[in-house]
Structures are given as C-alpha cells and as structure tokens.
Amino acid sequence: MRGVGSVLIAGGLGCAVWAGLTNHARFAQAEPGAVKPIPAYAAVAVEAPVESDKERRARLNVRLQTMIKDGKGVRLTDAPPPVRRRAEIRPSAPAARMAATPSRAEPAASFAPPPVNANAAPSVRRTGYTRPYLDLKTPPRVPDNDLECLTQAIYYEARNESEAGQAAVAEVVLNRSRHRAYPKRVCEVVYQRNSRTCQFTFTCDGSIGRRAINPVAWARAERIAREVYEGRSASQLPKNSVNYHANYVRPSWGSRLARVRQIGAHIFYGAPLNGGTNPGAYEREREPARSGLLFVRNDALDRAYTLMTAQATPSEPSAPAGS
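Residues numbered from 1 in each chain as written. Predicted model: local features only at pLDDT ≥ 70, side-chain atom pairs only at ≥ 80, totals over all residues. Heavy atoms only, no water.

Quick word on the confidence of the model for the protein
What counts here: Confidence of the predictor in every single residue is expressed as pLDDT, which spans 0 to 100. Note on definitions: a residue-residue contact is assigned when non-hydrogen atoms from the two residues lie within 4.5 Å.
Of the residues in the protein, 59% have a pLDDT of 70 or more, and the chain-wide mean is 75. For residues 1–19, every residue scores under 50 in pLDDT, and the model assigns this stretch 0 contacts once sequence neighbours within four places are set aside. In the model, residues 283–298 has pLDDT below 50 throughout and makes 8 contacts with residues more than four positions away in sequence or in other chains.

Written out as structure tokens, the structure reads:
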C-alpha cells in the first residue's frame with residue numbers, strides 16, 4: 001500500500017506540474033506586447049515602391065530606343081521601309097508545287113471561252129444552301145461546234161474533278177447522243193430543256209459568263225473533250241450510262257436506275273430498273289399505226305374490172321332533154 005500511494009502521489013505531482021506549465025504558456029501568449037514568433041514559411045507582404053510619371057516616361061523611352069536600335073520599330077519622321085516587289089516575294093510551298101506540276105502545262109485552247117456577262121443571273125441562297133435560279137424563258141446561245149459544247153459540259157460540270165471524272169462526264173454526253181431517246185447532236189444534248197428544267201443546269205442557271213474562265217482549266221477541258229470525242233480515251237462507263245449526279249444531292253430518279261460506279265464527286269447510273277425510262281428521255285415521233293384493210297392500187301386489175309362490169313350491165317335508154 002505504501003508503494004502504491006507513493007506512485008499515486010508522484011503521478012499527481014507530475015500532472016500538476018504539466019498543467020501549470022501549460023497555463024503559464026497560455027497566459028504568456030495572452031499578455032499584451034508579447035512578440036509572437038513568425039513561421040519560416042509565412043509570406044511577408046512588401047509594398048512596391050510608387051513610380052512617378054517622370055520615372056515611367058524615362059523607362060518607356062529607354063524601351064523605345066532599344067526597339068529602334070534592334071530594328072523592331074521606326075520613328076515617325078523616318079522614311080518608310082522599302083516595299084518588296086511582287087516578283088521578289090517568294091511563293092508559298094503549295095503554290096510553288098502547283099506551278100511546278102507538269103500536268104498544268106496545257107496546249108492552247110482552240111475555242112474561246114465564254115466572256116463574262118454582267119447580266120448573268122445570280123445564285124439565290126435559301127436556308128443555308130445555294131439554290132440556282134433557272135431561266136427557262138431566255139433562249140440560250142447554242143454553239144455550232146459539238147466539240148465546244150462538250151468542252152463547256154466538262155468545264156462547268158466537272159472542272160474540279162480529276163481527268164478521269166471529267167472524261168466520264170463527256171462519255172455520258174456522247175452516250176446520250178447515241179441513244180434513241182435523246183437528241184442526236186452533242187450540242188442539242190447539252191442544251192436540252194423543257195418547261196420545267198434543263199438537263200445540264202449550267203445552261204440555264206446563269207453559270208455561263210457569271211465568272212471569268214480559268215484558262216488552264218478550260219484548255220484541259222477541251223483536251224479531254226477532244227480525246228473522248230475522237231475515241232482516244234479509254235471508256236470508263238457502259239454505253240447505257242446516260243445519267244449521273246453529284247454525291248451531295250439525292251434525286252428522286254436515283255433509285256430507279258442501276259448504279260454503275262462513282263468517280264470523284266459524281267455517281268454514274270446505267271439502264272433503268274424494271275423496264276422504266278431514263279430521266280430527260282423523250283419518245284421520238286412515230287407514224288401512227290394503220291388499222292383495217294390495206295388497199296393496193298393496180299392499173300391492170302382496174303381495167304379488167306371495168307370491162308367485166310360493162311359487159312354484165314344492160315344499157316339503159318337516154319333520158320329526154322330537159323328532164
């Protein structure tokens with residue numbers, strides 16, 4: 001018991017001493033005028049010196065003088081920098097590659113491109129896309145040369161396509177001229193129209209003459225037209241392919257024709273399905289069918305029939321005069 005009491009007394013004294021030290025520290029922090037220690041990681045706010053207007057102007061002047069010295073600026077009183085001529089400006093990399101492309105060298109065109117028409121019908125924009133205005137009342141100026149009409153069809157329909165795509169458009173025009181349901185001449189095929197629409201939109205929407213012709217693209221279109229027209233270009237479509245459309249439109253007649261292939265942005269079609277008809281086709285005028293008996297005139301038979309009739313019929317007395 002004595003040992004246990006000694007331990008308890010020693011423990012109580014230790015607790016009292018610890019409590020006293022804690023209270024002393026608490027009172028010491030609460031004393032006025034006591035200096036608190038500042039941690040090493042605490043940020044100390046330092047006020048920046050106030051810059052006068054004179055000092056600010058001096059600093060800006062030094063900066064401007066440095067820029068002029070380094071060639072990054074000029075004084076207003078200095079002469080303007082020399083302007084580089086257009087020939088001295090180096091072309092960009094894509095322009096240099098296009099100029100160096102051998103395929104851009106085309107022979108001179110033999111047909112003059114259509115001139116710019118200041119009265120050409122403008123395009124009409126509706127609901128975010130361009131809808132052309134079709135002028136079906138003004139008679140078009142149809143060229144006399146079929147090769148020129150074929151060149152126009154290639155240029156206005158597929159000048160941004162590859163040479164294969166341009167040749168395919170020319171094939172469709174020639175296939176129509178050889179089809180019994182379309183006009184025989186190339187120019188008549190290209191400029192075919194009715195009261196509702198035209199077969200090739202560029203012939204009635206004001207595309208001809210709306211913008212200046214690109215001479216390189218025009219010369220290329222004529223070369224391709226001549227190769228297809230003269231049979232020097234490999235055929236890419238069957239003979240019954242007389243229709244095509246761009247891949248961004250969905251015409252109603254597309255599901256009625258057999259799809260042949262797609263070249264670039266154009267989808268080409270073949271014969272109609274289920275015995276239908278081609279869009280834009282018309283039936284040629286035919287002679288009306290004759291019905292009933294067919295009589296053939298023969299002079300020998302007519303004389304024999306007249307002689308037999310005269311012998312079989314008795315003669316009648318003449319009627320009196322004045323009856």
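With respect to the side chain of Asp146
What counts is decided by this rule: Where helices and strands are cited, they refer to DSSP runs of H or I of at least four residues and of E of at least two residues respectively, numbered from the N terminus. Here's how the labels work: a residue is buried when its accessible area is under 20% of the maximum for its type, exposed when over 50%, partly exposed in between, all with a 1.4 Å probe on protein chains only. Any pair of nitrogen or oxygen atoms within 3.5 Å is treated as a polar contact; in protein, a donor-acceptor pairing is required on top of that, and neighbouring residues in sequence qualify only through side-chain atoms on both sides.
When you line up the elements, Asp146 lands in helix H4 (residues 146–158). According to the relative accessible area criterion, Asp146 is buried, its value standing at 15%. Within the structure, the side chain of Asp146 is placed 3.1 Å from the side chain of Arg185, a separation counted as a polar contact. Those residues within four positions of Asp146 in sequence are excluded, and the remaining contacts are Arg185, Val186, Cys187 and Tyr229.

Here we look at the side chain of His245
With respect to the helices and strands, the residue His245 is situated in strand E3 (residues 243–246). Overall, His245 belongs to the buried group, its relative accessible area being 8%. Among the polar contacts made by the side chain of His245, one reaches the side chain of Tyr269 at a distance of 2.8 Å. With sequence-adjacent residues up to four places away left out, His245 is seen in contact with Pro251, Trp253, Ala265, His266, Ile267 and Tyr269.

Some remarks on the nonpolar core
Generally speaking, a soluble globular protein has its nonpolar side chains buried in company with each other. Keep this limit in mind: Side-chain atoms within 4.5 Å link the members of a nonpolar core, which is a set of buried Ala, Val, Leu, Ile, Met, Phe, Trp, Tyr and Cys residues.
The biggest cluster of nonpolar side chains holds 34 residues, and the ones touching the most others in it are Leu150, Tyr155, Val173, Val186, Val190 and Phe268. Looking at this core, the elements with two or more residues in it are H4, helix H5 (163–178), helix H6 (186–190) and helix H7 (215–229). It is H4 that provides the largest number of residues to this core, a total of 8 residues. The contacts of Val186, once residues within four sequence positions are left out, are Asp146, Cys149, Leu150, Val173, Leu174, Ser177 and Tyr229.

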